[in-house]
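Architecture at a glance
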Amino acid sequence: MIINVRESSIVRPAEEMPKSILWISSLDQLMSSNHMKSVYFYQSNGLANFFDTKVMKEALSRALVPFYPMAGRLSNDQNGRKEIDCNGEGVLLVEADTTSLVDDLGDFRPTSELEKLVPTMKDFNDISSIPLLLLQVTYFKCGGVSLGVAMQHNVADGTSGLHFVNTWSDIARGLDIAVPPYINRTILRARDPPRPSFPHVEYQTPPTLKSRSNVEPSQTKSSIFKLTRNQIQALKAKVKESGSTINYSSYVVLAGHLWRCVCKARRLSDDQETKMQIPVDGRSRLRPPLPPGYFGNVLFKATPTALSADLLAKPLSYAVGLIHEALTRMDDHYLRSALDYLEVQPDLSRLSSRPHIFACPNIGITSWRLPIHDADFGWGRPIFMGPARVLYDSIGYVLSSPINDGSLSVVISLQSNVMELFEQCIYVDI
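To keep things clear, this report deals only with the structure shown in the data block. None of these values were measured; they are calculated from a predicted model.

Our focus in this paragraph is the overall build of the chain. If you tally the helices and strands in the chain, you get 11 helices and 16 strands. Since a compact globule built from 430 residues should have a radius of gyration of about 22 Å, the 22 Å found for the chain is in line with a globular shape. When burial is assessed residue by residue, the chain has 54% of its 430 residues classed as buried. Relative to all contacts within the chain whose residues are 6 or more apart in sequence, the contacts with residues 24 or more apart total 80%. Approximately 18,400 Å² of the chain is accessible, and the part contributed by carbon and sulfur atoms is 49%. Of note, the chain has its 44 positive side-chain charges centred 4 Å away from the centre of its 44 negative side-chain charges.

Relative to strand S5 (residues 82-86), strand S4 (residues 73-76) runs antiparallel, the two being bridged by 4 bridges. Bridge assignment links Asn76 to a residue of S5, and that residue is Lys82. Connecting S4 to the antiparallel partner S5 that follows it, the hairpin turn spans 5 residues, and Gly80 within it adopts a positive phi of roughly 85°.

A few words now on the pattern of salt bridges. Scanning all chains against the criterion turns up 20 salt bridges. Its salt-bridge partner being Glu115, residue Arg389 comes within 3.9 Å of it at the nearest N-O pair. Placement of the pair is Arg389 in the loop between strand S14 (384-387) and strand S15 (395-400) and Glu115 in helix H3 (residues 112-115), with a sequence separation of 274 residues. Overall, Glu115 belongs to the partly exposed group, its relative accessible area being 21%. Each of Glu7, Lys57 and Glu95 takes part in one network of salt bridges that share partners.

What follows covers helix H2 (residues 53-63). Three or more residues of H2 are buried, namely Thr53, Met56, Ala59, Leu60, Ser61 and Ala63. Next to the buried residues of H2 lie strand S1 (3-11), strand S6 (91-98), strand S7 (133-139) and helix H4 (158-172). N-capping of H2 is provided by Asp52, with a side-chain oxygen placed 2.8 Å from the backbone N of Lys54.

Following the sequence through the fold, Ile224 ends up in strand S9 (residues 220-227). Remark: the alpha-carbon pair of Ile224 and Val411, spanning 187 residues in sequence, is separated by 4.4 Å. In contact with Ile224, not counting residues within four places along its chain, are Asp107, Arg109, Phe384, Ser409, Val410 and Val411.

Here H4 contains 15 residues, and its C-alpha end-to-end distance of 21 Å stays within 8% of the 21 Å for a straight helix at 1.5 Å per residue. Of all the 15 residues making up H4, 13 are buried; the element is thus mostly covered by neighbouring parts of the structure. Its side-chain oxygen at 3.3 Å from the backbone nitrogen of Thr159, Asp157 defines the N-terminal cap of H4.

The next point concerns the packing of aromatic side chains. Throughout the structure, instances matching the rule amount to 20 aromatic pairs. Here Phe41 and Phe108 contribute two aromatic rings whose centre-to-centre distance is 4.3 Å and whose plane-to-plane angle is 20°, an arrangement assigned as stacked. Placement of Phe41 in strand S3 (residues 35-42) and of Phe108 in the loop between S6 and H3 is noted, with a sequence separation of 67 residues between them. The residues Phe41 and Phe108 share a single accessibility class, namely buried. When the ring of Phe67 is compared with that of Phe164, the centres are 5.2 Å apart and the planes differ by 85°; the resulting orientation is edge-to-face.

Across the sheet, 6 strands lie side by side as S1-S6-S7-S8-S3-S14; this open sheet has mixed pairing. Pairing within the sheet leaves two strands with one partner each, and these edge strands are S1 and S14. For this sheet the average axis-to-axis angle between neighbouring strands, irrespective of direction, equals 15°. Two elements, S3 and strand S8 (residues 145-152), share 8 bridges in a ladder whose sense is antiparallel. From the neighbouring strand, Lys37 faces S8, where its bridge partner is Ala150.

Following Arg287, the chain continues to Pro288 via a peptide bond in cis, the omega torsion being -5°. Position of Pro288 relative to the elements: it lies in the loop between strand S10 (273-281) and strand S11 (299-302). Between Cys360 and the following residue, Pro361, the backbone shows a cis peptide bond with an omega angle of 20°. If you trace the backbone, Pro361 turns up in the loop between helix H10 (355-358) and strand S13 (363-368). Despite not being glycine, His200 shows a phi value in the positive range, around 55°.

With that out of the way, let us pick up the nonpolar core. Where a protein is soluble and globular, its nonpolar side chains tend to be buried together. By size, the foremost hydrophobic cluster in this structure holds 71 residues, and its most contacted members are Phe41, Phe51, Met70 and Phe377. Looking at this core, the element that brings in the most residues is H4, giving 6 residues. Here Phe377 is in contact with Tyr42, Phe51, Met56, Leu147, Val165, Trp168, Ser169, Ala172 and Arg173, once residues within four sequence places are set aside. Among the nonpolar cores identified, the runner-up in size contains 63 residues, and Ala265, Ala319, Tyr334 and Met419 belong to it.

Pairing is antiparallel across the open sheet formed by 3 strands, whose spatial order is S2-S5-S4. Unpaired on one side and paired on the other, strand S2 (20-23) and S4 mark the two borders of the sheet. Going from strand to strand, the sheet's axes swing by 40° on average, the running direction of each strand aside.

Axis separation between helix H5 (residues 229-240) and helix H8 (residues 316-328) bottoms out at 8 Å; the angle between their running directions is 95°. If you check the angle between H5 and H8, you find them roughly perpendicular. Along the contact surface, H5 presents Leu235, Lys238 and Val239, while H8 presents Leu316, Ser317 and Val320. Residue classes in the contact of H5 with H8 are distributed as 4 nonpolar, 1 polar and 1 charged.

Reading the values: the criteria
Here the residue numbering is sequential within each chain, running from 1 through the sequence in written order. Local features in a predicted model are, by the rule used here, given only for residues with pLDDT of at least 70; side-chain atom pairs are given and counted only at 80 or more, and totals for whole chains, interfaces and linings are based on all residues. Computation of side-chain values: all heavy atoms of the structure, hydrogens and water removed. Going along the chain from the N terminus, every DSSP run of H or I of four or more residues is numbered as a helix, and every run of E of two or more is numbered as a strand. This radius of gyration counts C-alpha atoms alone. The globule rule is 2.2 Å times how many residues there are, raised to the power 0.38. Throughout this description, buried means an accessible area under 20% of the type-specific maximum (1.4 Å probe, protein chains only), exposed means over 50%, and partly exposed covers the range between. We call two residues in contact whenever any of their non-hydrogen atoms come within 4.5 Å of each other. The protein chains shown are the only cover counted for residues, whose accessible areas, like all others here, come from Shrake-Rupley with a 1.4 Å probe. For this count, His and the chain ends are skipped, Lys and Arg are scored as positive, and Asp and Glu as negative. By convention, the point assigned to a charge is CZ for Arg, NZ for Lys, CD for Glu and CG for Asp. Any two strands between which DSSP finds at least two bridges are classified as paired. Just to be clear on terms, a salt bridge is a Lys or Arg side-chain nitrogen sitting within 4 Å of an Asp or Glu carboxyl oxygen. Whenever a nitrogen or oxygen atom comes within 3.5 Å of another N or O atom, the pair is scored as a polar contact, on the condition that within protein one atom can donate a hydrogen and the other can accept it, and that pairs from neighbouring residues in sequence are kept only if both atoms are in side chains. Helix span is expected to be 1.5 Å times the residue number reduced by one. Pairing of aromatic side chains requires ring centres within 6.5 Å, counting the rings of Phe and Tyr and the six-membered ring of Trp. Pairs whose planes differ by under 30 degrees are stacked, by over 60 edge-to-face, and all others tilted. Every axis in this analysis is a line fitted to C-alpha atoms, fitted for helices over the stretch in contact. Angles between the N-to-C directions lie between 0 and 180 degrees. We define a nonpolar core as any set of buried Ala, Val, Leu, Ile, Met, Phe, Trp, Tyr and Cys residues linked to one another through side-chain atoms lying within 4.5 Å. Should an angle lie under 35 degrees it is considered roughly parallel, over 145 roughly antiparallel, and from 65 to 115 roughly perpendicular; all remaining angles are considered oblique. In this count, Pro and Cys sit with the nonpolar residues alongside Ala, Val, Leu, Ile, Met, Phe, Trp and Tyr, while Asp, Glu, Lys and Arg are called charged and the others, Gly among them, polar.

This is the structure in structure tokens:
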């Protein structure tokens, strides 16, 4: 796919904002310094002004007023700690076109082709010059459009990122801001003095491979799998067969199924320990809950651990129960302790998300059961939204359906020969 860039411009807030430095929490500091890439696809509605960039730019400029940190730049304080310089320098918006068709991209699995629809940072030299948000509107030959979004992860998690994009789309449709962003992040400061009361194994070194598995290392491959409402219900029924009386969520049941399938595909030894990394939104778990519209990262980690033999020999309810217990543990007491634990660490960069945390024999499964299909700029909802790139091997995302039919899609990255075996069991083992 060849991308022709028509124009690149910096969009600044519609109003002059006071310049300030925004303190960011330990949860922000932990995030990868990469821009997280996602892409939306829209079908043409036949209108002459379909995805008019003038409308997009004006709405974007207005959205950057309440979300003014997004128009700033990352910087480091005198101790090397990241902060946001709210200087109003703006975000990047690229307008492009291609002779390709949206259908050429198939099921929208993350590939190098899909990543071409999102701007890159290659033209920027250091963090103080890189826009925190990079956007690209690409017009396809068939009339469809994609919106590529690259958002700096130290600035926002998925919930906050979607809050911004969905607010931008509301403004483009002439609507008022439904929920203003809450900018002050000091609400997530550690207690003084910090008093962690748990060991917080989620931030400790994950299990490593005890012995070479029967599957040789190979190149990483990303794939997407759709599970229908009936298939999700079948997995839930399978859990009930073991006598469980808990009504587990679709995500928890599916995550347990994926954990078992990955272990099976990797052919791990029976005594191999494996850890699942699950990002947990703390907004509603903290007491009191964070204010509506809190803008920043509030992702904690739940990390159930098990032996491969137990996951495969015991029923699905075993894996599901471990995940449920790990998530249930994430209450206010535990999360406040986590904030204190992070505060006393001498080097937070050592704990940040890196490839080895997710690599075999481990796995990370993130729920994107969020309002990912609500970005209607006035020409209809997206037909698909998902990651343009999976950053590391062994990371998966659970996506909600764009048509609310109860189905879920799984985007996952695995070594290609592991993927071959995974593809065989994800549906067969339901």
